Amino acid sequence: SQTIHQWPATLVQPVGSPLSLECTVEGTSNPNLYWYRQAAGRGLQLLFYSVGIGQISSEVPQNLSASRPQDRQFILSSKKLLLSDSGFYLCAWRTGLNGPLHFGNGTRLTVT
Amino acid sequence: GQQVMQIPQYQHVQEGEDFTTYCNSSTTLSNIQWYKQRPGGHPVFLIQLVKSGEVKKQKRLTFQFGEAKKNSSLHITATQTTDVGTYFCAGSGNDMRFGAGTRLTVKP
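Read on for a plain summary of the structure. (Residues numbered from 1 in each chain as written. Chains lettered and ligands numbered in written order. Predicted model: local features only at pLDDT ≥ 70, side-chain atom pairs only at ≥ 80, totals over all residues. Heavy atoms only, no water.)

Moving on, we come to the overall build of chain B. A count of helices and strands for chain B gives 0 helices and 11 strands. Counting helices and strands in the order they occur from the N terminus, chain B gives β-β-β-β-β-β-β-β-β-β-β. Taken over the C-alpha trace, chain B has a radius of gyration of 13 Å; the compact-globule value for 108 residues is 13 Å, and the two agree within 12%. Within chain B, the proportion of its 108 residues that are buried is 49%. At a minimum sequence separation of 6, the contacts of chain B that also span at least 24 residues come to 54%. Accessible area of chain B: about 5,100 Å², with a carbon and sulfur share of 52%. Both charge centroids of chain B, one from 12 positive and one from 7 negative side chains, sit 5 Å from each other. (Helix = DSSP H or I, 4+ residues; strand = E, 2+ residues; numbered from the N terminus. Rg over C-alpha atoms; globule rule 2.2 N^0.38 Å. Buried < 20%, exposed > 50% of the residue type's maximum accessible area, 1.4 Å probe, protein only. Contact = heavy atoms within 4.5 Å. Areas by Shrake-Rupley, 256 points an atom, 1.4 Å probe, with all protein chains shown as cover. Lys, Arg positive; Asp, Glu negative; His and termini not counted. Charge placed at Lys NZ, Arg CZ, Asp CG, Glu CD.)

Here it is as structure tokens:
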């Protein structure tokens, strides 16, 4: 069966520090991968999605970046965090363009 | 991407009352998906609607897709405390954009 792993579960980082969040999927090949951010009590903001290795589509210009070095690995990064980067970061995968999204457990990031 | 608007933003009901959330798009949707996010959790897929006018039921939940495939609704009959959470719709496409969600609270 397919599983998605996302870590860490919680993270507290100072302003200006770098960020690296990792997401891996098991049990499937060539998944579409997604990064979302959710501010407290708010909706899901699509940050990046990828339909294949090295293919990244960015939805929101900001100080975040994403990479897909392997088929089932998706990484969210920042060189210098801002206070506004605080939030709940969710990785998700699906097969094809119309299937359901399967979310990881998320990372709660607090930038202090 | 396909933008979707969702209303209401919040809904507080007494246990046993019904609840409905609505999702609207300015463009025709190829399909629509609904998700539920429990407090502190991650969104979980509920259902996908594809056909014009489609109606699907899951126990007390009824999902509808409009004839023009521009709107959808989720109706919960006789809410229970276990229904608490935020319900999201999403217009399916390469980028999968979500509505803002409707947060449901249920008073026992």
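Turning our eyes to something else, we now look at the sheet that holds strand β7 (residues 61-65) of chain B. All names here are of chain B. Spatial strand order, β1-β3-β8-β7-β6: 5 strands in an open sheet with antiparallel pairing. The strands lining the two open edges of the sheet, one partner per strand, are β1 (4-7) and β6 (55-58). Taken pair by pair, the neighbouring strands of this sheet meet at an average axis angle of 15°, ignoring direction. As defined by bridge partners, strand β3 (residues 19-25) adjoins strand β8 (residues 71-76) across 6 bridges and the pair is classed as antiparallel. Across the sheet, C23 pairs through a bridge with S72, a residue of β8. (Pairing = 2+ DSSP bridges. Axes fitted to C-alpha atoms, helices over the stretch in contact; angles between N-to-C directions.)

Attention now goes to the interface of chain A and chain B. Every contact between the two is made by 24 residues of chain A and, on the other side, 22 residues of chain B. In total, chain A and chain B occlude about 1,700 Å² of area from one another, counting both sides; carbon and sulfur atoms represent 49% of this. A per-residue breakdown of the area chain A buries against chain B is headed by L44(A), N98(A) and F103(A), which together make up 27% of the total. In this assembly, chain A and chain B are joined by 1 salt bridge. Among the ionic pairs, E59(A) bridges to R97(B), the shortest N-O distance being 2.1 Å. Here chain A and chain B share 10 residue pairs in polar contact (both at pLDDT 80 or more) between them. Counting residues per element, the ones that place at least two in the side of chain A that touches chain B are β4 (32-38), β5 (44-52) and β9 (87-94) of chain A. Of the residues assigned to the side of chain A that touches chain B, the class counts are 12 nonpolar, 8 polar and 4 charged. (Buried area = accessible area lost by both parts, 1.4 Å probe. Salt bridge = Lys/Arg side-chain N within 4 Å of Asp/Glu carboxyl O. Polar contact = N/O pair within 3.5 Å; in protein donor to acceptor, adjacent residues only side chain to side chain. Nonpolar A, V, L, I, M, F, W, Y, C, P; charged D, E, K, R; others polar.)

Attention shifts here to the packing of aromatic side chains. Applying the stated criterion across every chain yields a total of 11 aromatic pairs over all chains. With centroids separated by 6.0 Å and ring planes inclined at 25°, the aromatic side chains of Y34(A) and Y49(A) adopt a geometry described as stacked. Taken together, the residues span a long stretch of sequence, with Y34(A) in strand β4 and Y49(A) in strand β5 at a distance of 15 residues. In this structure Y34(A) comes out as buried when scored by relative accessible area, which is 1%. For the ring pair Y35(B) and F45(B), a centre distance of 5.6 Å and an interplane angle of 70° mean the geometry is edge-to-face. (Phe/Tyr/Trp six-rings, centres within 6.5 Å; stacked < 30°, edge-to-face > 60°.)

What follows deals with unusual backbone geometry. Among all residues save glycine, negative phi is the norm, and among peptide bonds the norm is trans. Note the cis peptide between W7(A) and P8(A), where omega equals 0°. Assignment of secondary structure puts P8(A) in the loop between β1 (3-7) and β2 (10-13). At the junction of I7(B) and P8(B), the peptide bond is cis and its omega measures out at -5° in the coordinates. We note that N30(A) has phi near 50°; this positive angle belongs to a residue other than glycine. Among the structural elements, N30(A) can be located in the loop between β3 (19-26) and β4.

Residues and elements named next belong to chain A. Here we have 4 strands laid out as an open sheet, ordered β1-β3-β8-β7, and antiparallel in their pairing. The open sheet is flanked by β1 and β7 (64-70), the only strands paired with a single partner. On average, each strand axis in the sheet is inclined to that of its neighbour by 15°, with strand direction left out of account.

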